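Residues per chain, in single letters:
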Amino acid sequence: MSTMTTVRPWLRLAHRWLGLIFFPLFMIILLSGAVLALKPIVDDLTTPAVTAPVESGSVLQRLTQLDPQGQASSLRIEGGSIELNSRGAGPQGRFALADGQVQPGGGVDVFAVTEQLHKNLLLGLGVVVEWASWAMLAIVVCGPLLGWLRLRNTLLGWHMAAGWLLLPLIAIGPITAALMILHIGGPQLPPIAPARPALSLSRGLELAAAQVDLSGLHWARSFRAGSVLLEVGSSAGAQRYIVDGGGSVHAAPASKGLVSELHEGTWGGAWSGAINLLAALTLSGLSITGFWSWLRRKRQAGGKVGAAEWLVAHASQTGTAARLAAATADALRQAGYEVACASLAALSPADLERYRGALLLVSTTGEGDVAEPGRRFVSALHGARTAARFSLLELGDRRYAHFCGGGETVRSALLAAGASEAVPAAQADGEPVAAWSEWFKRTQTAFGIEAASSTAVAMSVQDAAVSLKLIERERLDDPESGDTAETWRVCFGVDTLPDCRPGDLLLLAPAANDVERCYSLGRIEREGRGGRLTLTVGLKLTESIHGEPHYGRMSYKLCRELAQGVVLQGKLRRHPGFNPPAIGRPMIMIAAGCGIAPFPGFIAERAGVEGAGASWLLFGNRHFDGDFLYGRELTAWRDQGVLTRLDTAFSRDAGGCHYVPDAVREQAEELLRWLVEDAAVLYVCGRSRLGDGVERALIEALQAHRGFDSAAAQAQLQDWRAAGRLHFDLFD
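Residues numbered from 1 in each chain as written. Predicted model: local features only at pLDDT ≥ 70, side-chain atom pairs only at ≥ 80, totals over all residues. Heavy atoms only, no water.

(A) View of the overall build of the protein chain. Of the regular secondary structure elements, the protein chain holds 24 helices and 28 strands. By its C-alpha atoms, the protein chain is 115 × 65 × 50 Å across when sized along the principal axes. Contacts in the protein chain between residues at least 24 apart in sequence constitute 70% of all its contacts with a sequence separation of at least 6. Counting every atom, the protein chain has about 33100 Å² of accessible surface; 55% of that belongs to carbon and sulfur. Charge centroids of the protein chain, computed over 67 positive and 71 negative side chains, lie 2 Å from each other. (Helix = DSSP H or I, 4+ residues; strand = E, 2+ residues; numbered from the N terminus. Contact = heavy atoms within 4.5 Å. Areas by Shrake-Rupley, 256 points an atom, 1.4 Å probe, with all protein chains shown as cover. Lys, Arg positive; Asp, Glu negative; His and termini not counted. Charge placed at Lys NZ, Arg CZ, Asp CG, Glu CD.)

(B) Molecular detail of the environment of Val243. As for its position among the elements, Val243 is in strand β6 (residues 239-243). Along the sequence, Val243 and Gly80 sit 163 residues apart, while their C-alpha atoms lie 24 Å from each other. Excluding anything up to four places from it in sequence, Val243 contacts Leu199, Gly204, Leu207, Ala208, Ser227, Val228, Leu230, Ser248 and Val249.

(C) Local environment of the packing of aromatic side chains. In the structure shown here, the tally under the stated rule is 19 aromatic pairs. Three or more aromatic residues joined by ring pairs form one cluster here, namely Trp17, Phe23, Phe291 and Trp294. Just above the ring of Trp488 sits the side chain of Arg473; from NZ or CZ to the centre is 5.8 Å. If you follow Arg645 out to its NZ or CZ, it ends over the ring of Trp616, 4.2 Å from the centre. (Phe/Tyr/Trp six-rings, centres within 6.5 Å; stacked < 30°, edge-to-face > 60°. Lys NZ or Arg CZ within 6 Å of the ring centre and 35° of its normal.)

(D) Geometry of the domain arrangement of the protein chain. For the protein chain, the assigned domains are domain 1 (3-53 + 97-186 + 260-296), domain 2 (55-91 + 192-254), domain 3 (310-457), domain 4 (464-573) and domain 5 (587-730). On the side of domain 5, 10 residues touch domain 1, which itself brings 13 residues to the contact. When domain 1 packs against domain 5, close to 1000 Å² is buried across both sides, 45% of that on carbon and sulfur atoms. Here domain 1 is connected to domain 5 by 1 salt bridge. The salt bridge involving Arg12 is made with Glu677; its shortest N-O contact spans 4.0 Å. On inspection of domain 1 and its partner domain 5, the count reaches 1 residue pair in polar contact (both at pLDDT 80 or more). Mapped by element, the contributors of at least two residues to the side of domain 1 that touches domain 5 are α1 (3-21) and α10 (270-301). By residue number, the principal contributor to the side of domain 1 that touches domain 5 is α1, which donates 6 residues. Class assignment of the residues belonging to the side of domain 1 that touches domain 5 gives a composition of 4 nonpolar, 3 polar and 6 charged. (Domains from an automatic or database assignment. Buried area = accessible area lost by both parts, 1.4 Å probe. Salt bridge = Lys/Arg side-chain N within 4 Å of Asp/Glu carboxyl O. Polar contact = N/O pair within 3.5 Å; in protein donor to acceptor, adjacent residues only side chain to side chain. Nonpolar A, V, L, I, M, F, W, Y, C, P; charged D, E, K, R; others polar.)

(E) Just the UniProt feature "transmembrane region" (unreviewed entry) in the protein chain, in detail. Within this numbering scheme, the UniProt entry marks residues 17-38, 131-149 and 161-184 as carrying the feature "transmembrane region" (unreviewed entry). Along residues 17-38 the backbone is 95% helical and 0% strand, and the end-to-end C-alpha distance reaches 31 Å. In the segment residues 131-149, helix accounts for 79% and strand for 0%; the C-alpha atoms at its two ends are 29 Å apart. (UniProt positions renumbered as here; feature names shortened; annotations may be inferred.)

(F) Expanded view of the confidence of the model for the protein chain. Of all residues in the protein chain, 94% attain a pLDDT of 70 or more, and the chain-wide mean is 88. Under a pLDDT of 50 for its full length, residues 300-306 has, in the predicted model, 18 contacts with residues more than four places off or in other chains. (pLDDT = per-residue confidence, 0-100.)

(G) Geometry of the sheet that holds strand β28 (residues 726-731). With parallel pairing, 5 strands are arranged side by side in an open sheet as β26-β25-β24-β27-β28. The strands lining the two open edges of the sheet, one partner per strand, are β26 (645-650) and β28. Strand after strand, the sheet turns through a mean of 10 degrees between neighbouring axes, direction not considered. The sheet contact formed by strand β24 (residues 587-592) and strand β25 (residues 615-621) spans 6 bridges and is parallel. Among the inter-strand pairings, Met587 is bridged to a residue of β25, identified as Ser615. Against the sheet, helix α18 (residues 599-606) touches β24, β25 and β27 (681-687), its axis set at about 150 degrees to β24. Relative to β25, helix α22 (residues 668-677) is tilted by about 140 degrees, and along the sheet it contacts β24, β25, β26 and β27. (Pairing = 2+ DSSP bridges. Axes fitted to C-alpha atoms, helices over the stretch in contact; angles between N-to-C directions.)

Below is the structure:
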């Protein structure tokens, strides 16, 4: 691992947290700096007032009268008047030297007050401003080290572009501030004896008057180490003096030095002030976009449950349990209850204890297994303890050998962990609405709540019947290129096409009364009321103990047997947990083999759409030449810019053993940038082992590139799941 790979996570943490901690101070310093950058512009556009000679005695007398407590921090003599600025409750405004009366047009010197705000927050907190200056310099240094410039039309894309392209401009302020703090590059000042307490302006002028003719006094202000700095005009030009704590008066350089002039934008008049104004506004914009991006991510992660009275949670394989859970939560909300609804994938056992009760709906898949989103939750229950109270509805199909096995696994694990069952678990066979209604009534009685069993529930879980005519079938793999898995693109015409999106499911049975198989919808092309649906179907092949081939009945029918023009009856099932994100939201798609099925639809949905958002596909299979499924289309989409990135992994090509999780590890840093900085949504589709491998790779990436430990990395994945940013659609 390279040094930068090791260091970059720490640089990123420093860049982020320094920016967040000092954000309020940065805004004060930068916006006050922007105002001060206007001063050289204003000075260039106005004619300076001619200052008539004054008697130092009259200035001292008037200053003592106006500022008896010595709180004034600066004064300026102009046209027979004295203008004062003070810290705290001292005098502010313009006064006549002759009688001390307030003059019209007087008031606060905006630039003088802003300068004090910029330097010490008007509270004498100069050391705090110095800390913020060092923090800002560290952020500016860290920024370019976090990654090369990549132009992207996202909030953080513009943030990065501005930081890179305007780096010399935005670096001037923090660098010169650091040099000024260290007293490097400034004018050569005489030794200054500290004044404790600091000299008042009146005392400083009194000491100076004994040694210097103050009749041409322009201004005076508090200076470092409690001294007073003043400027006096004469026929030879302006001369500056420092009055220190020992009563000595030292001649001081008239110029502030190049470093100070660069910092203040005074080295070139109006146009140098304009440069500093642009720099201050750019740094302000970078601070705001960085803070807003972090806040947006926190809000997205804030979807994690925990701020409600009741919990409805689900483990759904094909979407039925998820839709039924959403309907359950809606029924409770309509009755006035505070309800959180979440996938078990987003929960830990401890989360259940935050609620008065948990209503759980769990589906079964495979050979009696828990639906994929609930498996990590079940694993976490082993060895855990929870005092949660729950009611469980198990969804299954008696045509399978292990009816409701997944629900029973969750129930047993909860009881073993100490949870209590409010009512005995209910089981739904196939169509779940009737069983749900009875379970919901018993659950309400046990929990002491009351809500209507909405008739909308039946509609929410009802599959839409469709008639499908086979219009096209194309083999996607090339059997002559090696040991490829037989895979087909199957296209159906539909006269009346219900509302559906890529990632939804088409349920097909090989014969009447047979178990339905689920296939992910890919491209959906609408034509009037009807349209075309595209599936990606892999021929399922197993061998008997005698070596005889056995084909999956439905996959064989779709891939080899069904003739063009033949009509099938099927059902469309909504699967909102695996639909494409909103237009404009970056998406990452990870698939192996037939897991590519929904993603051509995801990509096609964005083709030709303005501001569609970035998209990235990582796809793996056995051979590049033999089973790069949809390779031509994907490459064309990438070349057209519809697909932002396309990465592949082929396990049996030269080099060997290169799988999709390996590609995730190779692209880990960029992948995390999409997920963290760009708030991308990630989808994984394929076999369960692919999901496990990708999850391990993401955890390793967070540890290697973001400095997370294992527990924090797993918690981050949980947060992404809870926020709807991490979706797995897996099969065994």
